[in-house]
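Below, each chain spelled out in residue letters.
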Amino acid sequence: MKSENGERRIYLDNNATTRCDPRVVEAMLPFFTEKYGNSASRNHGFGWEAEEAVEKARTQVAAVIGADAKEIVFTSGATEADNLALKGVAEMYREKGDHIISVPTEHKAIIDTAKHLESLGLKVTWLPVDKEGLIDLDELRRSITEKTILISVMAVNNEVGVIQPLAEIGKIAAEKGVLFHTDAVQAVGKIPIDVNAMGIHLLSMSGHKIYGPKGIGALYVRRRNPRVRVSIQMHGGGHERGYRSGTLAVPLIVGFGKACELAAEDLSSGEIERVRKLRDRLLDGIRARVPESYVNGSLTRRAPNNLNISFAYVEGESLLMGINDIAVSSGSEDLAHTSIRFGLGRFTTEEEVDYTIERLSGIVSRLRELSPLWEMAQEGIDITKVNWQGH
Amino acid sequence: MAYSKKVIEHYENPRNVGSMPKDDPAVGTGLVGAPECGDVMKLQLRITEDGVIEDAKFKTFGCGSAIASSSLATEWVKGKTIDEALAIRNTDIVQELALPPVKIHCSVLAEDAIKQAIEDFKRKRAVREAEPAPAVKTGA
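Remember, predicted model here, so these are calculated numbers, not experimental data.

Calculation rules
- Residues numbered from 1 in each chain as written.
- Chains lettered and ligands numbered in written order.
- Predicted model: local features only at pLDDT ≥ 70, side-chain atom pairs only at ≥ 80, totals over all residues.
- Heavy atoms only, no water.
- Patch = residues over 30% accessible without salt bridge, like charges linked within 9 Å, V, L, I, M, F, W, Y side chains within 5 Å.
- Areas by Shrake-Rupley, 256 points an atom, 1.4 Å probe, with all protein chains shown as cover.
- Salt bridge = Lys/Arg side-chain N within 4 Å of Asp/Glu carboxyl O.
- Helix = DSSP H or I, 4+ residues; strand = E, 2+ residues; numbered from the N terminus.
- Buried < 20%, exposed > 50% of the residue type's maximum accessible area, 1.4 Å probe, protein only.
- Pairing = 2+ DSSP bridges.
- Axes fitted to C-alpha atoms, helices over the stretch in contact; angles between N-to-C directions.
- Contact = heavy atoms within 4.5 Å.
- Nonpolar A, V, L, I, M, F, W, Y, C, P; charged D, E, K, R; others polar.

Asks: Break down a nonpolar patch on the surface for me, citing the residues and quoting the values.
Replies: All names here are of chain A. On the surface, Val25, Leu29 and Phe32 cluster together to form a nonpolar patch covering roughly 260 Å² of accessible area. Relative to the elements of secondary structure, valine 25 occurs in helix H1 (residues 22-28). Judged by its relative accessible area of 33%, valine 25 is partly exposed.

Asks: For the sheet that holds strand S7 (residues 202-206) of chain A, give the residues involved together with the corresponding values.
Replies: Residue and element names in this part refer to chain A. Ordered by their spatial adjacency, 7 strands build an open sheet running S2-S8-S7-S6-S5-S3-S4, and the pairing between neighbours is mixed. In this open sheet, the two strands that pair with only one neighbour each are strand S2 (72-75) and strand S4 (123-126). Recorded for the sheet is a direction-independent mean angle of 20° between the axes of neighbouring strands. Direction of pairing for strand S3 (residues 99-102) relative to strand S5 (residues 148-152): parallel, over a ladder of 3 bridges. Opposite histidine 99, over in S5, you have threonine 148 as the bridge partner. Seen against the sheet, helix H7 (residues 166-176) touches S5 and strand S6 (179-183) and runs at an angle of roughly 155° to S6. Docked against the sheet, helix H8 (residues 250-269) engages S2, S7 and strand S8 (217-221), running at close to 105° with respect to S7.

Asks: Tell me about the interface of chain B and chain A, and please be specific about residues and values.
Replies: Contacts between the two partners involve 30 residues from chain B and, on the opposite side, 24 residues from chain A. Counting the contacts that link chain B with chain A gives 3 salt bridges. Across the salt bridge formed by Lys103(B) and Glu317(A), the nearest N and O atoms sit 2.9 Å from each other. Of all the elements in the fold, those that place two or more residues in the side of chain B that touches chain A are helix H1 (5-12), strand S1 (27-34), strand S2 (39-47), strand S3 (53-61), helix H2 (64-77) and helix H5 (104-130) of chain B. When its residues are assigned to classes, the side of chain B that touches chain A shows 17 nonpolar, 8 polar and 5 charged.

Right, here's the structure in full:
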């Protein structure tokens, strides 16, 4: 893809956000200038057509996770959905208990909300993950007490794409009578999600990670087996069955609905397999051309669109500077290892992947020629044993 | 963050990249920074009996500004006497490369690397002068 000034730009940061699909934009457009009614207006056609569009979108959103439309609460995004899930459950089930279980590799929307609840007196157990990035189910089982009200474990990790064992967690939650919330922002349209088969009680999702618009998301709240309730975090006109007041963002909801429909198609049409093949092509290309590069997180239990690789003895900023026509995300630097997150997507082409391999392998070997740490490593010096004079 | 043209130019075409034998008595080596700080610079100078820097090489693990600072340092010290090289200030590097405030530490590292390399050379020379006969390894 070319930028405005005609320079080549490749977007491989689809875990951060995605390009809005033109079909999504097309679906949204009438709801700005023609069908601009308030879906809560009950006494004229403008309101009715808006409401009809919202309900159609609600069905589309529900379908991609195997839920019922009545179980979808629209929010401003997944951060709000995560807040509503955690705070809403903590408040609603305070009588039952005050203990929440989550994972340190969650998104900040979960971590910071859980820490806030901790500051209010709730207890949070942070389950460790192994080197593959996965939680230990026995550890989860052991962590559950009589006071546990909620387990919140993300479906697919935003940094390394690792898929947690959702159905197994759901089973444990059901056995112990604990609610199971999952942040499925990175999972929708990448892996099959079924809230019933997986025993999920609450699920957060987002529009802009699935080629929909920014500013819209949803919380799935189970209505039966068991009926789950969350206490209100946004008071007002009683929209969304009272769970989330505020005039509905009709155009965004319509776009989100369309995006969910297309995301479901990605899973059934073979599109996601195309992305997986591109991801594997990228991995194979990098492995073949760049020695001492390591995949972070499990490769087998991983969403098909994500690759996260560490390059030894190369500094992050200089690496990104060398591939500045390719949008990627740079993660933590750990003792001279730089990790790069590649998020492939619906608009990624094979040619872009090949170009990325070429550019990246070129820049890594050039920076290693420049790197005194690479030189020391080649001489067999353990850089962790050097008496560095840091500043 | 936007880099200055000069930083980009040095990053893309770094001068005097390489290594010299550390044990060579005419070579002074400076190794500054630390991997956990994100910058490591190795600067080596080949210095004549008269104290003139006849060659300089560097290798840097670090951001574009760190690479540019050390590349520029090698360019500047070549042909200078020890004393002239010691007079180079990090602020000269900041000015030449138009480094932003967050990158000033890169220039400090480059100045430190020059000083350490010269110190290393002087130390070797002092040792040599103390024992004029070349030390023979006994292998014991």
